[in-house]
Amino acid sequence: MNWDIIEGKWNEYKGKAQAQWGKLTDDDLDVINGRRVELSGKIQQRYGLAKEEAERQIDDWTRHH
């Protein structure tokens, strides 16, 4: 799926993102507000992942939603 669609419908995708990355808080999701760079940064921060791994996970998640 195109990230622009996810960004535009972020309120619909917040729950799916939280289901995928349970360590993300409601506040995190509000700050992310559909921005991929913000999502990647929060995943890196909460899970201690490298940028490349966070991006890979986002790519996989995007393909399935």
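Every chain is numbered on its own, with residues counted from 1 as its sequence reads. Totals for whole chains, interfaces and linings use all residues, but because this is a predicted model, local features are given only for residues with pLDDT of at least 70 and pairs of side-chain atoms are given and counted only at 80 or more. Hydrogens and water molecules were not included; the side-chain quantities draw on all heavy atoms of the structure.

### Describing the overall build of the protein
Applied cut-off: Numbering of helices and strands starts at the N terminus; helices are DSSP runs of H or I of at least 4 residues and strands are runs of E of at least 2. For a compact globule the rule gives 2.2 Å times the number of residues to the power 0.38, and the radius of gyration it is set against comes from C-alpha atoms. Exposure is judged per residue with a 1.4 Å probe applied to protein chains only, and the accessible area is read against the type maximum: over 50% gives exposed, under 20% gives buried, and values in between give partly exposed. Contacts between residues were defined by any pair of non-hydrogen atoms, one from each residue, lying within 4.5 Å. Using a 1.4 Å probe, the Shrake-Rupley method yields the accessible areas, and only the shown protein chains count as cover for residues. The convention is simple: Lys and Arg are positive, Asp and Glu are negative, and His and the chain ends are not counted. Note on charges: their place is set at NZ of Lys, CZ of Arg, CG of Asp or CD of Glu.
The helix and strand tally for the protein stands at five helices and zero strands. For 65 residues, the compact-globule estimate of 2.2 N^0.38 gives 11 Å, and the protein sits close to it at 10 Å. With the principal axes as the frame, the protein shows a C-alpha extent of 25 × 25 × 20 Å. By the burial criterion, 31% of the 65 residues in the protein qualify as buried. Across the protein, the fraction of contacts at a sequence separation of at least 24, relative to all contacts at a separation of at least 6, is 40%. When the accessible surface of the protein is summed, it comes to about 4,000 Å², and 45% of that surface belongs to carbon and sulfur atoms. Put simply, the protein has 11 plus and 13 minus side-chain charges, and the middle of one group is 2 Å from the middle of the other.

### Looking at the nonpolar core
The condition that has to hold: Nonpolar cores were defined as sets of buried Ala, Val, Leu, Ile, Met, Phe, Trp, Tyr and Cys residues, with membership established by side-chain atoms within 4.5 Å.
Grouped together as the largest cluster of nonpolar side chains are 14 residues, with contacts concentrated most on Trp-10, Trp-21, Leu-39 and Trp-61. Broken down by secondary-structure element, the contributors of at least two residues to this core are α1 (3–8), α2 (10–20), α3 (26–32), α4 (36–47) and α5 (51–64).

### Comments concerning the side chain of Thr-62
The residue Thr-62 is located in helix α5 in this model. What makes Thr-62 buried here is its relative accessible area of 6%. If sequence neighbours within four positions are ignored, Thr-62 has contacts with Met-1, Trp-3, Ile-6 and Arg-36.

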